[in-house]
Amino acid sequence: MAPLALLAASLGAEVTGSDRNHDRGVALPIFHHLRSGGVRLVPQDGSAVHTGLDAVVYSTAVERANPDLRAAEDRHVTLVRRGSFLASIAAARRAVAVAGTSGKSTVTAMIAHLFVRAGLDPSFLGGGAAVGLPGSIPPGSLRVGASDWFVVETDESDGSVSEFAPSISVLTNLSRDHKEVEETARNFSRLLAQTRDAVVIHVGDPPLQTVALPSGLRIIRAAVEAHDTWATPDLVARRVALSPTGVAFDVDGVRVTVPFPGRLTVENALHAIATGVAAGIPLERSAAALADFGGVCRRLERVGETGGIDVFDDFAHNPVKIAAALEAL
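Rules and cut-offs
- Residues numbered from 1 in each chain as written.
- Predicted model: local features only at pLDDT ≥ 70, side-chain atom pairs only at ≥ 80, totals over all residues.
- Heavy atoms only, no water.
- Buried < 20%, exposed > 50% of the residue type's maximum accessible area, 1.4 Å probe, protein only.
- Helix = DSSP H or I, 4+ residues; strand = E, 2+ residues; numbered from the N terminus.
- Phe/Tyr/Trp six-rings, centres within 6.5 Å; stacked < 30°, edge-to-face > 60°.
- Lys NZ or Arg CZ within 6 Å of the ring centre and 35° of its normal.
- Axes fitted to C-alpha atoms, helices over the stretch in contact; angles between N-to-C directions.
- Parallel < 35°, antiparallel > 145°, perpendicular 65-115°, else oblique.
- Left-handed = near helix turned anticlockwise from the far one by under 90°.
- Contact = heavy atoms within 4.5 Å.
- Nonpolar A, V, L, I, M, F, W, Y, C, P; charged D, E, K, R; others polar.

**Q** Help me understand helix α1 (residues 2-10) in this model?
**A** Quick reminder: α-helices carry 3.6 residues per turn. Residues three or four places apart thus point the same way. By the criterion of burial, α1 is predominantly enclosed, with eight of the nine residues buried. Within α1, the full set of buried residues consists of Ala2, Pro3, Leu4, Ala5, Leu6, Leu7, Ala8 and Ala9. Phi turns positive, to about 105 degrees, at Gly12, one or two residues after α1.

Here's what the structure looks like:
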């Protein structure tokens, strides 16, 4: 919600927002960033919700008994889901919509990193703070660029992924998470049907073969060499080497290195490279950019060391994500 509020403010909207921790007097850094970006913080008691508002934008993670939501309903103020609001902003831009049930935040940050390094000056809104992304707005999950490129992470948890109509869609994988596989697959199919130019899809992930591929678009099928693929890939990661300090692999004869461990890192990087191909970025330039990718906060983030033990923080919260994190470690 915070980067979306900052984005709306940067586009000229008058933005207010509430947070129960703010009401409790908890001095979180994000409150400083919001104020610095022009967002006015108000009490979460419904008092700031009035008929002069164009909309109240809310996260589906917020309970319906929230005082601001109740006030919006009582005063007939338009309620808009976070994902729907983001889709409407993306619709006016050349958007790259990243979808999937694992790895989205990292892939979104990687694509933004590649686009920045290629001189495309994109905007970016991700589910995690990108570390070291040039031009990002603190705490790092937002960048407002001068071009019409907009790299954005979608949300399948509330189904709003199906509301995007991007230039390029990226599908990383599909597993049971917030919704059953069949429902998520239908939402992914709607996303692809509304895509304008190109689709990047991981053909090494069997459940994704249930997603309908549109005709008339450029389809870039990507896979890691050892995967059993359900379609012939166009881009393949070969000669994969995993180490505690990162991964390395070849794509069409170009050696790629990424300074983060784990097989999922290989898949994520391959999806980012394939998106670069769709946007006209040469493989060599993408490989050079990924070599100094800074990562995403709370995505296998090394936060310190004590007594000879490395300490990592990771957002993994379902069996597939937890397994990938443990495998990497």
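**Q** Before we go on, may I ask you to explain the packing of aromatic side chains in this structure?
**A** For any pair of aromatic rings, the description rests on two quantities: the centre-to-centre distance and the angle between the ring planes. If you walk through the whole model with that rule in mind, you get two aromatic pairs. Aromatic pair Phe115 and Trp149: ring centres 5.2 Å apart, planes at 80 degrees, arrangement edge-to-face. Here Phe115 is found in helix α6 (residues 104-117), whereas its partner Trp149 is found in strand β9 (residues 149-153), with 34 residues between them in sequence. Trp149 carries the same exposure label as Phe115, and that label is buried. Both rings, one in Phe260 and one in Phe293, keep their centres 6.0 Å apart while their planes meet at 65 degrees; by these two values the pair is edge-to-face. Linking Phe260 in the loop between β15 (254-258) and α8 (263-278) with Phe293 in the loop between α9 (283-290) and β16 (301-306), this pair joins segments that are 33 residues apart in sequence. Its relative accessible area of 6% is what places Phe293 among the buried residues. The ring of Tyr58 carries the charged tip of Arg64 above its face, separated from the ring centre by 5.5 Å.

**Q** What's the story with the packing of α6 against α8 in this structure? I'm lost.
**A** Working note: a packed helix pair is described by the angle between its axes plus the distance between those axes. For the pair α6 and α8, interaxial distance at closest approach is 9 Å and the crossing angle is 45 degrees. As summarised for this structure, α6 and α8 are arranged oblique, according to the angle between their axes. In the crossing of α6 with α8, the sense of the turn from one axis to the other is right-handed. Residues Thr106, Val107, Met110, Ile111, Leu114 and Phe115 of α6 pack against Thr265, Asn268, Ala269, His271, Ala272, Ile273, Thr275 and Gly276 of α8. Here the contact of α6 with α8 is built from residues that sort into eight nonpolar, six polar and no charged.

**Q** Explain the packing of α1 against helix α5 (residues 82-91) to me, please; I cannot follow it from the model alone.
**A** Relative orientation of the contacting elements α1 and α5 amounts to 35 degrees, with a least axis distance of 11 Å. For α1 against α5, the interelement crossing comes out left-handed. Contacts between α1 and α5 pair Leu4, Leu7 and Ala8 from the former with Arg82, Phe85, Leu86 and Ile89 from the latter. Here the residues of the contact of α1 with α5 sort into six nonpolar, no polar and one charged.

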